[in-house]
Every structure is written in structure tokens, then in C-alpha cells.
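In case you want the letters, here they are:
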Amino acid sequence: MTEFKVQERPGEGVSILDLRGYLDAHTATDLENAFQRLLGAKKFNIVVNCRDLSYISSAGLGVFMAYIEDVRKNNGDIKLTNMTPKVYNVFDLLGFPILYEIYKDESEAISKFQNTTKH
Amino acid sequence: MSSASKTISKIVSSSTESLSDIREFVAGQARTHGFPEDEVANIVLAVDEACTNIIKHAYRFASDKQIEISVGRQGREFEVIISDDGRSFDPAALRNPDLKEHLTHYRRGGLGVYLMKKLMDTVEYQFQPGQRNHVRLVKFLPASPSR
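All figures in this text were calculated on a predicted structure; none of them were measured in a lab. (Residues numbered from 1 in each chain as written. Chains lettered and ligands numbered in written order. Predicted model: local features only at pLDDT ≥ 70, side-chain atom pairs only at ≥ 80, totals over all residues. Heavy atoms only, no water.)

A.B. asks: I tried to follow unusual backbone geometry on my own but got confused; where do I start?
C.D. replies: As a rule of thumb, non-glycine residues mostly have phi less than zero, and peptide bonds are mostly trans rather than cis. Phi at Lys42(A) is positive, roughly 55°, even though this residue is not glycine. With respect to the secondary-structure elements, Lys42(A) resides in the loop between helix H1 (28-40) and strand S3 (45-56). Given the relative accessible area of 66%, Lys42(A) is considered exposed. The backbone of Arg60(B) shows a phi angle near 45°, a positive value even though the residue is not glycine. Relative to the assigned elements, Arg60(B) resides in the loop between helix H2 (37-58) and strand S2 (66-74). Residue classification places Arg60(B) among the exposed residues on the basis of a relative accessible area of 56%. (Helix = DSSP H or I, 4+ residues; strand = E, 2+ residues; numbered from the N terminus. Buried < 20%, exposed > 50% of the residue type's maximum accessible area, 1.4 Å probe, protein only.)

A.B. asks: Would you mind going over empty space enclosed by the protein with me for this structure?
C.D. replies: Space left empty within the atom packing is revealed by a probe, the size of a water molecule, rolled over the atoms. All names here are of chain B. In total, this model carries one cavity of 30 Å³ or more according to the counting rule given. Looking at the largest cavity, its volume works out to about 40 Å³. Lining the largest cavity, in full, are Ala50, Asn53, Ile54, Phe89, Met116, Tyr125 and Val135. With three residues, the top contributor of residues to the lining of the largest cavity is H2. (1 Å grid on protein atoms, 1.4 Å probe; cavity = no way out; pocket = protein on both sides within 12 Å on 5 of 7 lines; lining within 4 Å. Points joined across faces, edges and corners; volume = space filled by probe spheres on them.)

A.B. asks: It is not clear to me how the pairing of S3(A) should be interpreted in this structure. Could you clarify?
C.D. replies: Here is the key point about a regular strand: its side chains alternate between the two faces of the sheet. All names here are of chain A. Buried residues dominate S3, accounting for nine of its 12 residues. Tracing the backbone out of strand S2 (residues 15-23), into H1 and back to the parallel element S3 gives a crossover that is right-handed. Here five bridges tie S3 to strand S4 (residues 77-81), and the two strands are oriented parallel to one another. Within S4, the position partnered with Val48 by the bridge is Leu80. The parallel pair S3 and S4 is bridged by helix H2 (residues 58-73), and the resulting crossover is right-handed. (Right-handed = clockwise from strand over helix to strand, strands pointing away. Pairing = 2+ DSSP bridges.)

A.B. asks: Can you walk me through the environment of Arg136(B) in this structure?
C.D. replies: All names here are of chain B. Tracing the backbone shows Arg136 in strand S5 (residues 133-140). If near-sequence neighbours (up to four positions away) are discounted, Arg136 is found in contact with Glu77, Glu79, Val80, Ile81, Thr122, Val123 and Glu124. In terms of polar contacts, Arg136 uses its side chain to reach the side chain of Glu79, at 2.7 Å. (Contact = heavy atoms within 4.5 Å. Polar contact = N/O pair within 3.5 Å; in protein donor to acceptor, adjacent residues only side chain to side chain.)

Here it is in C-alpha cells:
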């Protein structure tokens, strides 16, 4: 049985999703539901912390692609942080760093949102 | 040293719930054949993508079917053959997507095939009407330190 957990945590002006475990075609729905909840609550400044994400397949990456357009239309963004080299490698192979902001640490992504909001 | 190893097979149900079992099985076999952990991860991901495609496209999420994963060595090749009895899909349609175009239009799907080709040395499909479908994934074995 695949173990995957997504938990929402409030930050300063942002919503943080903490991912844990294995994100594949079986568990991708859990992440979809989390994004749907955030968008339903009009929370568009989203930081996804991948520190405890052990594994991702293209089904998991597809979830980010499904929601990024709606989020950006609402002047928000999905910023990804704290990836292990193994997980980053998959994002990199699929060219995600071209279109998604990926930071080493969550605090960098949060301050990026705060700077954008101030302008 | 023989050029071929005994093939070991695992049969799982065609449910996304099986993916973790599949990954565990393939990782164990890849380690047994001497691959380092980064290569084990690549092989596991490629097999996950192939099986996910079978569940989605060949079986259209019907979870009462079977997928067979056979692993063995042929000479310098570590070979994973994944077989199913579902709908066959056109191999010509499995060409590499234009990644940038794909991403800028936020298209999901199709990325699994691209990943498989990036992660493995060979990806081959065998579709024949009335017969089982096969996907063959090959990774060259690491060079033996004794040679």
C-alpha cells in the first residue's frame, strides 16, 4: 500500500502544502483534492514543501500542471521547495525548472511571494 | 558466467494500488543485479510509468485484470518485460512529445513515455492483434569491477 500524505499549513500570506511519501498514479488524487480545497478557498499563493517526498512519478507531476494555469490566472503561483536530489531529478528531466520556481528552502519561496505582493 | 539469468516474474492486479508492490519487486531485482541506488530509482520509475500506462490506457482503470512483470538478464542487458491483455495502443503515437510545447500548454499525460525513454537504454513495444501486449525495458548492467 502506497503511503502518501499531504497536509496544509498556513504561512505568512501563503498556504503551504507539506508532501510526505510516495506520489504516484494511486495517490495523485490526494494532492488534487488538496489543490481543489485551496482554489475553492481562493488561496492562490501556494508553497509546496517536498522535504519528505520520497518519490514522484509523472502522474504526480501532472497534478501541478493541472492547477498551475488556474492559480496564475488568479495572480498566484505554485512554488516548489526542499526537494531531495532524487525527486528534483524527475522534475528536471521533464523540464519543470523552466516553468516552475523551485527553491532550496521554503523561506525563500515565502519571501518571494511577500515581495511580489508588496509591489 | 552464463549470459542469461533465470527470469523472475510477478503478477499483480491492474490497479494503481499495485504500483508500490511493483516498485518494491523491481527495486529488489535491480539491486540484486548490482545497480547503484540512482540507477535502481530510474529503473523503478520507468517500470512504474509503463504499468501506469497499462492501467490507464490498456485496461482503462478496470482493476480486475492482470499485469505480469518479468525480470532477468540477457548478456549485458537487465531486461524488464511487462505484459498485459488489454487494448493495444498505436506505438507510432508514442513518439517523444515536444517537452517545452507540452509544458507551456499545461498538457498532462504523455510524459510517462518520455520519461521511460530518458531513463532506460531501450524501450520496445510489441503489439499484435489477438495476442498479449509486451513492453520491454532494458538497462545495461554496470561493468563488472573484476574485468
